[in-house]
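Chain by chain, the residues run as shown.
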Amino acid sequence: SFLQGSKLEIPLWLAKGLHDSKRRIISVELPKIYREAWRTVFSADANVVDLHKMGPYYYGFGSQLLNFENPENPEIAQTDCLCSLQTFVARFRRIMDSSQNAYNEDTSALVARLDELERALFQVGQKGLNDFQCWEKGQASQITASSLVQNYGKRKLTEVDG
Amino acid sequence: MEPAEVEFLAEKELVTIVPNFSLDRIHLIGGDLGPFNPGLPVEVPVWLAINLKQRQKCRLIPPDWMDVGKLEEIRDQERKEDTFTPMPSPYYMELTKLLLNYASDNIPRADEIRTLVKDTWDTRMAKLRLSADSFVRQQEAHAKLDNLTLLEINTAGSFLTQALDHMYKLRTNLQPGESSHSQDF
């Protein structure tokens, strides 16, 4: 049982289930990074922020937090959304350029500070580039073993038995 | 689309060949081809030209625009202008790759041509990204880019549409009274 007024950390899905703007069983506290202080960091240079450390689902989580709008302070939700959108817009260029230019390189440094949504976007950009490069080299018309099949050989006998 | 699919479409473009065999007109579903007479230039779709070339039944005549002087002009103009130069063929990249791969012996200064076309491609793609970034920053609703080719659109397209999708979702969160209980992310 919980004491009224106590502070807890619960998963988002549970908070969503408990939340009811009429009965006010719980009120949700906005995580640090969605608050005022961090917003100034984002507007200074959104590109330096490590959104993966912050998140790793910065945009998705941020969108979900809107479900817990505090009716006494509706502007907070608006400014948060705007901040997310502006952050995305500011970081867009770098993600686009790096995903469409990094061919056959180790991209771990490039994606380290991206949140999951940005990483998925990065992969899409890479696919576009890789497909093009592969085609240009004439590899698009070559039959090669699927990478799935190539991995079969790595399985050990003990794994198959167990 | 896969680049291979775009290439498939490009192969319908016509190119001039000089056959070394004789054949009466052939009637294909897509249209008639030929007749073919040794030594007489004839226009055929690229897919057939390449097939004949591989079987050593013809030599290829490069299109007018596949010339170092012309391509240098195009490359220079592309670098100078902010907008996209109209390209001599809507499939310039695909045709260059195909013809240089299969018939480089029929194309003078083939290596220079390859480099010039690639340079022009790189410039255009960079311009496309610049344009996309400016579109996103200003959060425009509508943009029109003339003179892009299908392969260029295809290479950058999926990234751009997915990014714009995300922006749309983030923007609709701003609507008041929106009950966004979706788990789309």
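Calculation notes
- Residues numbered from 1 in each chain as written.
- Chains lettered and ligands numbered in written order.
- Predicted model: local features only at pLDDT ≥ 70, side-chain atom pairs only at ≥ 80, totals over all residues.
- Heavy atoms only, no water.
- Helix = DSSP H or I, 4+ residues; strand = E, 2+ residues; numbered from the N terminus.
- Buried < 20%, exposed > 50% of the residue type's maximum accessible area, 1.4 Å probe, protein only.
- Contact = heavy atoms within 4.5 Å.
- Areas by Shrake-Rupley, 256 points an atom, 1.4 Å probe, with all protein chains shown as cover.
- Salt bridge = Lys/Arg side-chain N within 4 Å of Asp/Glu carboxyl O.
- Pairing = 2+ DSSP bridges.
- Axes fitted to C-alpha atoms, helices over the stretch in contact; angles between N-to-C directions.
- Polar contact = N/O pair within 3.5 Å; in protein donor to acceptor, adjacent residues only side chain to side chain.
- Parallel < 35°, antiparallel > 145°, perpendicular 65-115°, else oblique.
- Left-handed = near helix turned anticlockwise from the far one by under 90°.
- Nonpolar A, V, L, I, M, F, W, Y, C, P; charged D, E, K, R; others polar.
- UniProt positions renumbered as here; feature names shortened; annotations may be inferred.

## As for the overall build of chain A
Along chain A, the regular secondary structure elements total nine helices and zero strands. For chain A, the α and β elements follow one another from N to C terminus as α-α-α-α-α-α-α-α-α. The buried share of chain A, reckoned over its 162 residues, is 34%. Partitioning the contacts of chain A with sequence separation of at least 6, the portion at a separation of at least 24 is 69%. With an accessible surface of roughly 10,600 Å², chain A has 54% of that area assigned to carbon and sulfur atoms.

## Details of the pattern of salt bridges
Opposite charge on two side chains permits pairing when their charged atoms draw close. Using the criterion set out here, one finds 19 salt bridges over all chains in the structure. Put simply, B:Asp32 and B:Arg25 hold a salt bridge, and the shortest N to O gap is 3.8 Å. For B:Arg25, a relative accessible area of 45% gives the class partly exposed. Several salt bridges converge on common partners, so that one network encompasses A:Arg93, A:Asp97, B:Arg129, B:Asp133 and B:Arg137.

## Topic: the sheet that holds strand β1 (residues 14-19) of chain B
Residue and element names in this part refer to chain B. The sheet built from three strands is open, its strands ordered β4-β1-β5 with antiparallel pairing. At either end of the open sheet lies a strand with only one pairing partner, and these are β4 (42-45) and β5 (58-61). Averaged over all pairs of adjacent strands, the angle between strand axes in this sheet comes to 45°, irrespective of strand direction. Here four bridges tie β1 to β5, and the two strands are oriented antiparallel to one another. Paired with proline 19 across the strands is cysteine 58, a residue of β5.

## Concerning the interface of chain A and chain B
Tallying the contact residues gives 34 residues for chain A and 37 residues for chain B. Between A:Arg93 and B:Asp133 there is a salt bridge, with the nearest N and O atoms lying 3.5 Å from each other. Counting the contacts that link chain A with chain B gives four residue pairs in polar contact (both at pLDDT 80 or more). Among the secondary structure elements, those contributing two or more residues to the side of chain A that touches chain B are α4 (58-65), α5 (74-101) and α7 (116-136) of chain A. Among the elements that make up the side of chain A that touches chain B, the one with the highest residue count is α5(A) (15 residues).

## Side note on the packing of helix α4 (residues 92-103) of chain B against helix α5 (residues 110-137) of chain B
Helix-helix packing: each pair is described by the crossing angle between the helix axes and the interaxial distance. Residues and elements named next belong to chain B. α5 packs onto α4 with a crossing angle of 160° between their chain directions and a minimal axis gap of 11 Å. Regarding the angle of α4 to α5, the classification is roughly antiparallel. Every pair of crossing elements has a handedness; the one defined by α4 and α5 is left-handed. Side by side, α4 and α5 meet where Tyr92, Met93, Thr96, Leu100 and Asn101 of the first sit next to Ala110, Ile113, Arg114, Val117, Lys118, Trp121 and Arg124 of the second. Here the residues of the contact of α4 with α5 are counted per class, giving seven nonpolar, two polar and three charged.

## Observations concerning the UniProt feature "domain: DNA replication complex GINS protein PSF2 N-terminal" (unreviewed entry) in chain B
Here, the residues flagged by UniProt with the feature "domain: DNA replication complex GINS protein PSF2 N-terminal" (unreviewed entry) are residues 2-61 of chain B. Along residues 2-61 of chain B, the helical share is 28% and the strand share 33%, with 28 Å between the first and last C-alpha atoms.

## A few points about the side chain of B:Thr96
Here B:Thr96 is to be found in helix α4. Not counting residues within four places of it along the chain, the set of residues in contact with B:Thr96 comprises B:Trp65, B:Met66, B:Ile113 and B:Val117.

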